[in-house]
Amino acid sequence: NTRPDIAFAVHQCAKFCNNPKLLHEKAVKHIGQYLAGTAKQGIILNPNSSGKLDAYVDSDFAGRWHQKYAELRESVLSRTGFVITYCNCPVTWSSKLQTEIALSTTEAEYIALSTMCRTLLPMRMLLKEINKHTVHKLQIDDSRLSTNLMNSTGDGKLVVSEIFEDNSGCIVLANDDQYRPRTKHLAIKWHHFKDQVRNGNLKVSKVDTKINWADIFTKAVDKTTFERLRNLMMGW
């Protein structure tokens with residue numbers, strides 16, 4: 001719960017709990033050695049004054065595919081990775097395989113975005129309830145409400161949540177009200193959050209892949225990339 005940097009590796013190993021091999025034993029020991037070497041580290045919380053719930057989201061399109069296992073359905077499933085932040089501090093994150101086969105990189109990214117919103121939207125509702133009851137019980141003057149403290153605009157409406165995504169096609173699909181023939185099969189299951197974008201509660205923005213925190217949840221990355229993203233997300 002305090003080490004998002006190992007979320008991807010732990011999920012990879014956890015899938016083989018019922019039938020582990022020597023390879024998985026070595027992987028678990030490697031994770032243990034990493035934790036032992038960073039035992040005094042965790043998440044350094046350095047909140048800013050935005051008062052916002054934001055998110056970084058990414059996917060790895062069919063990243064597990066291998067010719068040797070091409071007949072297995074699981075080998076072509078893409079991976080969803082996201083982290084939701086409050087005041088720029090990570091509060092919840094996930095690294096898991098998607099439940100259906102994506103047909104393109106854009107579709108895999110869009111499924112990841114939609115999946116993340118199923119966590120983000122209830123958190124926004126919870127914050128709204130906290131704001132309302134805290135203001136009422138503490139008898140705080142609405143005119144003195146600050147977005148720095150309450151994640152509110154002062155009129156009871158939450159500050160817009162910004163979702164950072166590095167796939168341009170996914171961003172267009174999320175912000176566009178039109179349903180195109182090639183993506184019409186997404187309409188029922190994955191477009192559920194688009195009303196929130198249209199109403200101004202969510203904003204999907206472009207972010208460079210090099211600073212997309214969620215990249216660390218979708219695939220094994222080189223040491224330099226891992227340490228850069230870890231520093232952005234965890235502060236060390």
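As a reminder, the structure under discussion sits directly above these lines.
Because the structure is a prediction, the values reported are computed rather than measured.

**Q** Please set out the pairing of strand β1 (residues 53-60) residue by residue, giving values where relevant.
**A** Consecutive side chains of a regular strand alternate in pointing toward one face of the sheet and then the other. Counted residue by residue, β1 has 8 buried out of 8 residues, so it is predominantly covered. Of the two faces of β1, the one carrying Leu53, Ala55, Val57 and Ser59 and the one carrying Asp54, Tyr56, Asp58 and Asp60 are both buried. Strand direction decides the pairing type here: β1 and strand β2 (residues 79-86), joined by 8 bridges, are antiparallel. Looking at the pairing, Tyr56 lines up with Val83 of β2. Looking at chain direction, β1 and strand β4 (residues 161-165) are connected through 2 bridges and run parallel. Of the residues in β4, the one forming a bridge with Ala55 is Ile163.

**Q** Describe the sheet that holds β1, naming the residues involved and giving the relevant values.
**A** Spatial strand order, β3-β2-β1-β4-β5: 5 strands in an open sheet with mixed pairing. Across the chains shown, the open sheet's two edge strands, defined by having one partner strand only, are β3 (89-97) and β5 (202-206). Taking the axes of each pair of neighbouring strands and ignoring which way they run, one obtains an average angle of 20 degrees across the sheet. Sheet contacts for helix α1 (residues 7-14): β2 and β3; angle to β3, the most-contacted strand, approximately 30 degrees.

**Q** Requested: an account of the environment of Leu23, with residues and values cited.
**A** Position of Leu23 among the secondary structure elements: in helix α2 (residues 22-37). Taking C-alpha positions, Leu23 is 9.7 Å from Cys13, a pair spaced 10 residues apart along the chain.

Reading the values: the criteria
Residues numbered from 1 in each chain as written. Predicted model: local features only at pLDDT ≥ 70, side-chain atom pairs only at ≥ 80, totals over all residues. Heavy atoms only, no water. Buried < 20%, exposed > 50% of the residue type's maximum accessible area, 1.4 Å probe, protein only. Helix = DSSP H or I, 4+ residues; strand = E, 2+ residues; numbered from the N terminus. Pairing = 2+ DSSP bridges. Axes fitted to C-alpha atoms, helices over the stretch in contact; angles between N-to-C directions. Contact = heavy atoms within 4.5 Å.

None of this, on its own, says anything about what the molecule does.
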